[in-house]
Amino acid sequence: MTSAAPGFRVVIGLEAHVQLKTRSKMFCACPADYANAEPNTRVCPVCLGMPGVLPVINRRAVDLTILTGLVLDCRIPEHAKFDRKNYAYPDLMKWYQISQYDLPLCVNGHLDVTIDGSADRVRIRRVHLEEDTAKLTHVTASDGAPASLIDVNRSGAPLMEVVTEPDIKTPAQAAAFGEQLRGLLRWIGVSTANMDEGALRIDANVSVWPADHPVGAAKVEIKNMNSFRALSRALAYEIERQTELRRRGGALVQETRGWDEASGTTLVQRTKEEAHDYRYFPEPDLPPLHVTRARVDQLRAQLPRMPDDVAADLTSQGAPSADVAELLHDRALTDYAQAVIQAGADVPAAVTWIVHDLRRVLNARGLAADAIPIPPPELAALLQLRANGSVSSTMAADVLDEMFATGKPAAAIVHARGPQISAADQLLAIARQVIQENPQAVSDYHAGKQRALQYLMGQVMRLTRGKANPGAVSALIEQELGGTG
Amino acid sequence: MSIERQQVDHVAALARLDLTDAERERLRGELGRILEAFQVLDTLDTSGIPPTAQVIPLGNVERGDTVADPLPRGQVLRNAPRVEDGQIRVPPVLDES
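Residues numbered from 1 in each chain as written. Chains lettered and ligands numbered in written order. Predicted model: local features only at pLDDT ≥ 70, side-chain atom pairs only at ≥ 80, totals over all residues. Heavy atoms only, no water.

Quick word on the overall build of chain B
Tallying secondary structure elements over chain B gives three helices and three strands in all. Listing the helices and strands of chain B from first to last along the sequence gives α-α-β-α-β-β. Against the 2.2 N^0.38 benchmark of 13 Å for 97 residues, chain B shows a C-alpha radius of gyration of 22 Å, more extended than a compact globule. Within chain B, buried positions represent 20% of all 97 residues. In chain B, the share of contacts with a sequence separation of at least 24, taken over all contacts with a separation of at least 6, comes to 30%. (Helix = DSSP H or I, 4+ residues; strand = E, 2+ residues; numbered from the N terminus. Rg over C-alpha atoms; globule rule 2.2 N^0.38 Å. Buried < 20%, exposed > 50% of the residue type's maximum accessible area, 1.4 Å probe, protein only. Contact = heavy atoms within 4.5 Å.)

Let's talk about the sheet that holds strand 5 (residues 96-99) of chain A
To summarise the sheet geometry, strands pair through backbone hydrogen bonds and adopt either a parallel or an antiparallel arrangement. Residue and element names in this part refer to chain A. Within the open sheet, the three strands sit side by side as 5-4-15. Their pairing is antiparallel. Each end of this open sheet is capped by a strand with a single partner; those strands are strand 5 and strand 15 (281-282). Here two bridges tie strand 4 (residues 83-86) to strand 15, and the two strands are oriented antiparallel to one another. Across the sheet, residue aspartate 83 finds its bridge partner in strand 15, namely proline 282. (Pairing = 2+ DSSP bridges.)

Focus: the pairing of strand 3 (residues 87-90) of chain B
Across three bridges, the pairing between strand 9 (residues 146-151) of chain A and strand 3 of chain B is antiparallel. In the strand pairing of strand 3 of chain B, Ser148(A) is matched with Val90(B). Sheet analysis places strand 2 (residues 83-84) of chain B next to strand 3 of chain B, joined by two bridges and oriented antiparallel. Directly across from Val83(B), in strand 3 of chain B, lies its bridge partner Ile88(B).

Topic: the side chain of Lys85(A)
All names here are of chain A. When you line up the elements, lysine 85 lands in strand 4. Within the buried core, lysine 85 has no salt-bridge partner, and the shortest N-O distance to an opposite charge, that of glutamate 130, equals 5.4 Å. When near neighbours in sequence (up to four residues on either side) are disregarded, lysine 85 contacts Trp95, Tyr96, Gln97, Tyr278 and Tyr280. (Lys, Arg positive; Asp, Glu negative; His and termini not counted. Salt bridge = Lys/Arg side-chain N within 4 Å of Asp/Glu carboxyl O.)

Points about the sheet that holds strand 3 of chain B
Strand order in the open sheet made by the four strands is 8(A)-9(A)-3(B)-2(B), with antiparallel pairing throughout. Among the strands making up the open sheet, the edge pair consists of strand 8 (135-140) of chain A together with strand 2 of chain B.

Re the interface of chain A and chain B
Chain A puts 62 residues into the contact, and the matching count from chain B is 39 residues. Roughly 4,100 Å² is buried in total at the junction of chain A and chain B, and carbon and sulfur atoms are behind 53% of that figure. When the buried area of chain A at its contact with chain B is split by residue, Tyr89(A), Leu149(A) and Pro287(A) rank highest and sum to 13% of it. Counting across the interface, chain A meets chain B through three salt bridges. (Buried area = accessible area lost by both parts, 1.4 Å probe.)

Side note on the pattern of salt bridges
Opposite charge on two side chains lets them pair, provided their charged atoms get close. All names here are of chain B. Applying the stated criterion across every chain yields a total of 35 salt bridges over all chains. A salt bridge links arginine 89 to glutamate 84; the shortest N-O distance between them is 3.2 Å. The class of arginine 89 is buried, set by a relative accessible area of 7%. The exposure class assigned to glutamate 84 is buried, which follows from its relative accessible area of 11%.

Here's the deal with helix 8 (residues 347-365) of chain A
All names here are of chain A. Under the 1.5 Å per step criterion, the end-to-end length of helix 8 is 25 Å for 19 residues, consistent within 8% with the ideal 27 Å. Along helix 8, the largest kink reaches about 40 degrees and is centred on isoleucine 354. Taken together, the buried positions of helix 8 are Val347, Ala350, Val351, Trp353, Ile354, Val355, Asp357, Leu358, Val361 and Leu362. Elements in contact with the buried residues of helix 8: helix 5 (307-316), helix 6 (321-327), helix 7 (331-342), helix 9 (376-387) and helix 10 (393-406). At the N-terminal end of helix 8, a side-chain oxygen is found 3.3 Å from the backbone nitrogen of alanine 349, two or three residues along, and the residue is aspartate 346. Glycine 366 sits one or two positions beyond helix 8 and adopts a positive phi of about 65 degrees. (Expected span 1.5 Å × (residues − 1). Bend = angle between axes of the 7 residues up to and from the residue. Polar contact = N/O pair within 3.5 Å; in protein donor to acceptor, adjacent residues only side chain to side chain.)

Some remarks on the packing of helix 9 of chain A against helix 10 of chain A
All names here are of chain A. Packing of helix 9 against helix 10 leaves a shortest axis separation of 10 Å and a crossing angle of 160 degrees. Judged by the angle between their axes, helix 9 and helix 10 are roughly antiparallel. Relative to helix 10, the crossing made by helix 9 is right-handed. Taking contact as the criterion, the partners of Glu378, Leu379, Leu382 and Arg386 in helix 9 are, on helix 10, Ser393, Ala396, Val399, Leu400 and Met403. (Axes fitted to C-alpha atoms, helices over the stretch in contact; angles between N-to-C directions. Parallel < 35°, antiparallel > 145°, perpendicular 65-115°, else oblique. Left-handed = near helix turned anticlockwise from the far one by under 90°.)

Let's talk about the domain arrangement of chain A
What the domain assignment lists for chain A is domain 1 (8-294), domain 2 (305-416) and domain 3 (424-480). Between domain 1 of chain A and domain 3 of chain A, the C-alpha centre-to-centre distance is 60 Å. (Domains from an automatic or database assignment.)

Focus: a nonpolar patch on the surface
Where nonpolar side chains cluster on the molecular surface, the patch consists of Leu31(B), Ile34(B), Phe38(B), Leu41(B) and Leu44(B) and spans about 480 Å² of accessible area. Within the fold, Leu44(B) resides in the loop between helix 2 (21-39) and strand 1 (62-63). (Patch = residues over 30% accessible without salt bridge, like charges linked within 9 Å, V, L, I, M, F, W, Y side chains within 5 Å. Areas by Shrake-Rupley, 256 points an atom, 1.4 Å probe, with all protein chains shown as cover.)

Here's the deal with the nonpolar core
All names here are of chain A. By size, the foremost hydrophobic cluster in this structure holds 113 residues, and its most contacted members are Leu72, Leu358 and Leu379. It is helix 8 that contributes the most residues to this core, nine residues altogether. Formed jointly, this core draws a minimum of three residues from each of two domains, domain 1 (8-294) and domain 2 (305-416). If near-sequence neighbours (up to four positions away) are discounted, leucine 379 is found in contact with Tyr336, Val340, Trp353, Ile354, Leu358, Ile374, Leu400 and Met403. (Core = buried A, V, L, I, M, F, W, Y, C linked by side-chain atoms within 4.5 Å.)

Describing the packing of aromatic side chains
All names here are of chain A. For the structure on display, the rule yields four aromatic pairs over all chains. Ring centres of phenylalanine 27 and phenylalanine 82 lie 5.6 Å apart, and the angle between their planes is 85 degrees; on these two criteria the pair is classed as edge-to-face. Residue phenylalanine 27 is found in the loop between strand 1 (8-19) and strand 2 (57-58), and its partner phenylalanine 82 is found in the loop between strand 3 (79-80) and strand 4; the two are separated by 55 residues along the sequence. Each member of the pair, phenylalanine 27 together with phenylalanine 82, is buried. For the ring pair tyrosine 278 and tyrosine 280, a centre distance of 5.9 Å and an interplane angle of 65 degrees mean the geometry is edge-to-face. (Phe/Tyr/Trp six-rings, centres within 6.5 Å; stacked < 30°, edge-to-face > 60°.)

Section: the environment of Gln420(A)
All names here are of chain A. Summarising the element assignment, glutamine 420 is placed in the loop between helix 11 (410-416) and helix 12 (424-437). The spatial distance from the C-alpha of glutamine 420 to the C-alpha of valine 391 is 7.4 Å, given a sequence separation of 29 residues. Those residues in contact with glutamine 420 that lie beyond four places of it in its chain are Gly389, Ser390, Val391, Ser392, Lys467, Ala468, Asn469 and Pro470.

A word on helix 2 (residues 171-187) of chain A
All names here are of chain A. In this model helix 2 runs 24 Å from its N-terminal to its C-terminal C-alpha over 17 residues, within 8% of the 24 Å that 1.5 Å per residue would give. Regarding helix 2, the residues found buried are Pro171, Gln173, Ala174, Ala175, Ala176, Phe177, Gly178, Leu181, Leu184, Leu185 and Trp187. Immediately beyond the C-terminal end of helix 2, within one or two residues, lies glycine 189, with a positive phi of roughly 75 degrees.

Here you go:
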C-alpha cells in the first residue's frame, strides 16, 4: 500500500535521532567514537552518572545542531536550555537523560521532499540536543541465567533529534524524507548518518483516520527500523493494520510497536497504560544557553553551498545531469571535482570522468573521496592530455591508475610510456587485423550502429596498449570499412 | 492539600519504590503538606517576572570539543553488582530502546 485506502487518511510524523560527529561526548571529555572500542572503555565518572560530577556542554555539538537547524530553515531562538527527562531503565546510568524539553535549539523549519519531481513540504517542529544511552544486550549469561549486559560507551554521546510535524502521508514520502535528511546531514558534515551503524535512527508516529472524521490525538509509534526500506515497509504494514482495524469499527490504541524485520510485522512493545511520565524539569547542573545572533551568523557563514545550487551550476556549464546527481551524493567527491574544475578542467569532462573513471579506481582501491592522493591540478592535467588527444580514453584510465600507484604526474607517466602511435603505416596493419577478427562488429557498423565503431577502436587500443591516437584510429577504420556505414 | 492514594502509588511506581500500606498512608499526608507549603507561592503576583529555569547567575558554560583519557575499565566496573564479559550484568529487562 503506498497511500491511504479510499475513505481513509494517513498521518505520519517522524523523529530522527542523529549521532553527531564530535570528538568528545556531549557533557564530558570521553571519546565519542566507540565503534571499535572494547565495552566500557570510553567511560568516565560523568557519563557513568556518578554522584557529585558536573556535566559541561560540548560547544561543537551545539554548533552542529544549529547548523542542521539552519539548513532545515529553522528559527534559532535566543534562549535554549537542557532538561532532565526521568525514566527508570538501565540504559541510563543516572535514571534520567539530559535532553531539551520546552526550549530546544531549533524550531519551526521545513524540508521540501521531492518524489518523481514533485515537492511536498514537511514542516520541522524542532531540532534538539540530548545524550545517547548505554547499549544493552540481552543474553543467557555464563551461569545459564537470562541477564542484561550494559556497555556504557555510547552513553553520553551527543544525539540530535529532528522532529517533524505530522505532514507525511505515505511510506514512500517518509523514506524520501529520511534519504533527503541523510543527504543534508552528510553534506554539511554533522554526522556520518549511517543507519546500519546506528548513527541515524528514525522512529515513526502513524495513525489512520476515516476521511470524514477529524484527526485525533491517538497514534502508534513504531521503532527499530534499520534502513529506509524497513521504515517504508513498517509504515505500510502499520497503515494496513490500522485501516483493517478501522474497517471493523475498532478504535486506535495508542501504543509503541517494534518493527520485526524477519516476520515483516510490527509487535506491541508498550501500551498507553505504561506510557512514560517523564517529569521533565530544568537541568540544575547546566546553565541555560544564550544563542547570540553573532554566533548564528558565524555558523551560517560556515555552511557549504547546498547541493541544489552546485547542481544548477554544473549542469548550466554542460555537465550531464545524471552524472551531477551521482556526484552530489558525495560531498568530498564534489569538493574534489570543483577543485579540478577550478584548476582549469573542462566542466562536463571533469564531472563525467570523476563520477565514472575516478570512482572506479577509488572503489577498486577501497579509498574514500576525502583520501584521493592526487592533487586536483594533476587530474586536471590528465584531463587536458585526454582532451587534446595526447592520450586515448583507454590510456588515460591506465595513467590514472599509475598516478594512484606511483604518485607521479600524468605527463611523466605518459612520457615514460613512449610516444603515441599516430603513423598510419603502423596502425593500418593493426586496424586490418581487428576488422578481420570481428566480422560481427563490421556488419553492425554497416548496419549503422555507431557503437560498433567504438568497439573496433577499443580493440585497436587494446592491441596498442592504449598508445594509438584515437583520431587516427577512427579515421583509419572508417577508411578501411569504406566510410560511414 | 489532599492527595489521592492513587497519586502516591503513581509517583512511587515511577520512582520504583516498593511501599507498604502504612508508608503509603504516611506519605499521602506528607506530600499533601509539602504541596500546601508550595501553595504559598500562588499568592504572589508574578505577572512582571520572566519565567526562570535557573537561579544560578551563569549562562553559556560550554567546553571545547577535546578528548581526555577515560577511566581504566577496572575502575569503571568496580561498583558493578556483577560483571560479565567486561560489561555490567543486571537482571534481564525487556528491550524498550
